[in-house]
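Residue-level listing of the chains:
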Amino acid sequence: MSDLGDTWEEPTYTTLPAPVEELRERVRAFAQEQIVPRAAALDQAPADELEWDLIKQGHDLGLTRLIIPRQYGGLGYGMFGLAVALEEIAAADAGIALVFGATLLGQAPVLLSGDPEVQERWLPMFNTDEPVLACNAVTEELAGCDLLIPENAVHAREVMSAQRKGEGYILNGRKRFITNAKVARYASVYANLGDAPGATALTGFLVPLDSPGITRGPVADKMGYRGCLGSELVFEDVEVPAENVVGGEGGGVHINVQQMNMARAAVAAISTGIAAGAFAIAKKWAGERIQGGTELWRHQFSARKLAEMSAKVDAARLLYRKAAYITDNELPTPPYEPAVAKLFADRIAIEVAEEAMSLMGARGYLKEYGVERYVRNALGTRIYEGSPEVLALAVTDALYAEDDF
Amino acid sequence: MSVFSSQEQAEKVFERLFSILAADENFTGRLRDSRLSLRLNHSKPDVELNISADGVRIGPDPSGAKPSITISFSCDSAHKLWLGQLLVPVALATGKMRIRGGVSKVLEIVPLLQPAFDQYPAIAAEAGLPV
């Protein structure tokens, strides 16, 4: 076994590798025993409140360093282990799951750099008693997908700028809707270098968020995912040393795309968890509710709904696990499997959550029964790490791509 | 047109590069301890190198053993990579390189290849390749 992490044979369709199954059970126990009882309160709390106690418990379980190689103080579970864990968390609360998912996004450029010196500087910090979080700062007021799609880069407007100064760089601009920005130790930040048009010289930087010139803006009041904090980051003449560049000058779009491909299996797992959580509530209800002298699930139309929901959750699970396994065993992460996994999981999360709400009738519409929260959370999954439109482009580009060697 | 004039020239250059590494006990010891092996599939021209704790072989491994990691790229991309003119993340993202094998093993083997970056410019210059 490598010091850097476990490797295992491709999982069967029904059996997880033993270490991953043990991880899943520990995380499930945490999610069901600690998060579920507090999920309603988390959802209805003010937007800028974060349950640090739950984050600490998740950190103690290793959720902030599952994908980091053991050589750097991580647990070496790879994307496969992280994705399985995030499904369990998201079944209880998607916002808490995204706290750890967003930290992965901040770690991804460090891992993708392939530079041991960069990894030595930025990864061991997660192996501490107190939780350390990271974030990924891409989205801006006028640029979202324009920074994810290379062909769009020339059209991007007023992108955050990076100017060379001496041996380093000066960053100016704003990033919006950044999960964890309020509490992260550092951000992976993308800025356009020099006077290149649009985002054609996008460059990736690792920036400590206590650097002079950085302001963390107010937390956005979201429809769902209220267990995590999304806010603005403002950069005013922020100095960044050259050693903090990832992927070379102008290589930001490549790192960014790789980062998205790498993370999509985990995000698909969050969507799957939302669907699984909603389905669990509906299944329990349909097993107890008596109408027409029998349990709801015995009525054919209700049975059909439950069967479809169950099939969708299982299919989404298989897709994200396949994508996660491939992510752990191939570089670059092939774009096809993660994009398909997220495209499907995002859609069925909405369908399953809505159907669960429908099955419960009036109670599905009430906050106290919990399922309406899953509908709101499901609607949020389509927004980050690739909208359905961006994912469709990634899938078709992959279908027609050829290697250049 | 490739910077390499022939398959023979490419074989000679890359075999020499990795033979220097294979002669380093620190390199081979790490490979042995971690049970790592590496296959480099070059194209244009086609050159396959198999590297393990036992040494460097040009061409397929007769034992048929599956390497821990397989790197596929063109000879020109390999030339630029070892010269430091092509970064690994960019090569991966632009389809100029593909790596198969556990990513954790890839991360383990990368630092072991640093001497290749150090040695290659001189080897390439001696072979008459553009540096």
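Cut-off values and rules
Residues numbered from 1 in each chain as written. Chains lettered and ligands numbered in written order. Predicted model: local features only at pLDDT ≥ 70, side-chain atom pairs only at ≥ 80, totals over all residues. Helix = DSSP H or I, 4+ residues; strand = E, 2+ residues; numbered from the N terminus. Contact = placed C-beta atoms within 7 Å. Nonpolar A, V, L, I, M, F, W, Y, C, P; charged D, E, K, R; others polar. Pairing = 2+ DSSP bridges. Axes fitted to C-alpha atoms, helices over the stretch in contact; angles between N-to-C directions. Parallel < 35°, antiparallel > 145°, perpendicular 65-115°, else oblique. pLDDT = per-residue confidence, 0-100. Core = buried A, V, L, I, M, F, W, Y, C linked by C-beta atoms within 7 Å. Buried ≥ 20, exposed ≤ 12 C-beta atoms within 10 Å, placed from the backbone. Domains from an automatic or database assignment. Left-handed = near helix turned anticlockwise from the far one by under 90°.

Let us now look at the overall build of chain B. What chain B contains, in helices and strands, is 6 helices and 5 strands. Going residue by residue from the N terminus, the α and β elements of chain B occur as α-α-β-β-β-β-α-α-β-α-α. For the C-alpha atoms alone, the extent of chain B along its principal axes is close to 40 × 30 × 30 Å. Taking the intrachain contacts of chain B between residues at least 6 apart in sequence as the baseline, contacts between residues at least 24 apart amount to 75%.

Opposite the 27 residues of chain A that make contact, chain B presents 28 residues. Secondary structure elements with two or more residues in the side of chain A that touches chain B: α6 (252-288), α7 (300-329) and β11 (330-331) of chain A. Top contributing element to the side of chain A that touches chain B by residue count: α6 of chain A, with 4 residues. Of the residues contributing to the side of chain A that touches chain B, the split by class is 10 nonpolar, 13 polar and 4 charged. Pairing analysis gives 2 bridges linking β11 of chain A to strand β5 (residues 97-100) of chain B, with the strands arranged antiparallel. Counterpart to Glu330 of chain A in the pairing with β5 of chain B is Arg100 of chain B.

Time to look at the pairing of strand β3 (residues 55-58) of chain B. All names here are of chain B. As defined by bridge partners, strand β2 (residues 47-52) adjoins β3 across 4 bridges and the pair is classed as antiparallel. Within β3, the residue paired with Leu49 across the bridge is Ile58. Taking the residues that link successive antiparallel strands as the turn, the β2-β3 hairpin has 2 residues.

Between Leu331 of chain A and Pro332 of chain A the backbone carries a cis peptide bond, its omega angle lying at -5 degrees. Cis geometry marks the peptide bond from Lys44 of chain B to Pro45 of chain B, where omega comes out at 5 degrees. Mapping Pro45 of chain B onto the fold places it in the loop between β1 (38-43) and β2. Of note in the backbone geometry, Arg35 of chain B takes a positive phi value of approximately 55 degrees without being a glycine. Summarising the element assignment, Arg35 of chain B is placed in the loop between α2 (25-34) and β1. Structurally, Lys44 of chain B can be placed in the loop between β1 and β2.

The subject of this paragraph is the packing of helix α3 (residues 78-92) of chain A against α7 of chain A. Residue and element names in this part refer to chain A. At a minimum axis separation of 6 Å, α3 and α7 run at an interaxial angle of 150 degrees. One element, α3, and the other, α7, form an angle in the roughly antiparallel class. Contacts between α3 and α7 involve Gly78, Met79, Phe80 and Ala83 from the first element and Tyr320, Arg321, Ala324, Tyr325, Thr327 and Asp328 from the second. Looking at the contact of α3 with α7 residue by residue, the classes come out as 6 nonpolar, 2 polar and 2 charged.

Residue and element names in this part refer to chain B. Mean pLDDT for chain B: 89, with 100% of residues reaching 70 or above. Looking across chain B, the model is least confident in helix α5 (residues 103-109), with a mean pLDDT of 75, and most confident in helix α3 (residues 75-83), with 94. Here the complex is predicted with pTM 0.89, and the ipTM for its interfaces comes to 0.76.

Looking now at the nonpolar core. Within soluble globular proteins, side chains that are nonpolar tend to cluster in buried spots. Residues Ala353 and Ala356 of chain A are the most contacted members of the largest nonpolar core, which totals 177 residues. For this core, the element with the highest residue contribution is α6 of chain A, accounting for 21 residues.

Here the focus is the domain arrangement of chain A. All names here are of chain A. Taken domain by domain, chain A holds domain 1 (18-126), domain 2 (134-250) and domain 3 (253-399). Of note, the centres of domain 2 and domain 3, computed from C-alpha atoms alone, are 29 Å apart. Counting residues at the interface gives 15 residues for domain 2 and 13 residues for domain 3. Partitioning the side of domain 2 that touches domain 3 into residue classes produces 12 nonpolar, 3 polar and no charged.

Looking now at the sheet that holds β2 of chain B. Overall, mixed pairing links the 6 strands, which are arranged β11(A)-β5(B)-β4(B)-β1(B)-β2(B)-β3(B) in an open sheet. The outermost strands of the open sheet, each flanked by one partner alone, are β11 of chain A together with β3 of chain B. Along the sheet, helix α1 (residues 7-22) of chain B contacts β1, β2 and β3 of chain B; its crossing angle with β2 of chain B, the most-contacted strand, is approximately 10 degrees.

Residue and element names in this part refer to chain A. The interhelical angle for the contact between α7 and helix α8 (residues 336-359), taken along N-to-C directions, is 155 degrees, at an axis separation of 9 Å. Taken together, the axes of α7 and α8 are roughly antiparallel relative to one another. Crossing handedness for the pair α7 and α8: left-handed. For the contact of α7 with α8, the class distribution of residues is 17 nonpolar, 2 polar and 6 charged.

Moving on, we get to the pairing of strand β4 (residues 69-74) of chain B. Here is the key point about a regular strand: its side chains alternate between the two faces of the sheet. Residues and elements named next belong to chain B. Looking at chain direction, β1 and β4 are connected through 6 bridges and run parallel. Looking across to β4, one finds that His42 is bridged to Phe73. The sheet contact formed by β4 and β5 spans 4 bridges and is antiparallel. In the strand pairing of β5, Thr70 is matched with Arg100.

Residues and elements named next belong to chain B. Mapping Ile109 onto the fold places it in helix α5. On a C-alpha basis, the gap between Ile109 and Ser52 in space is 11 Å, while along the polypeptide they are 57 residues apart. Each residue touching Ile109, except ones within four places of it in the same chain, is listed here: Leu36, Leu38 and Ile69.

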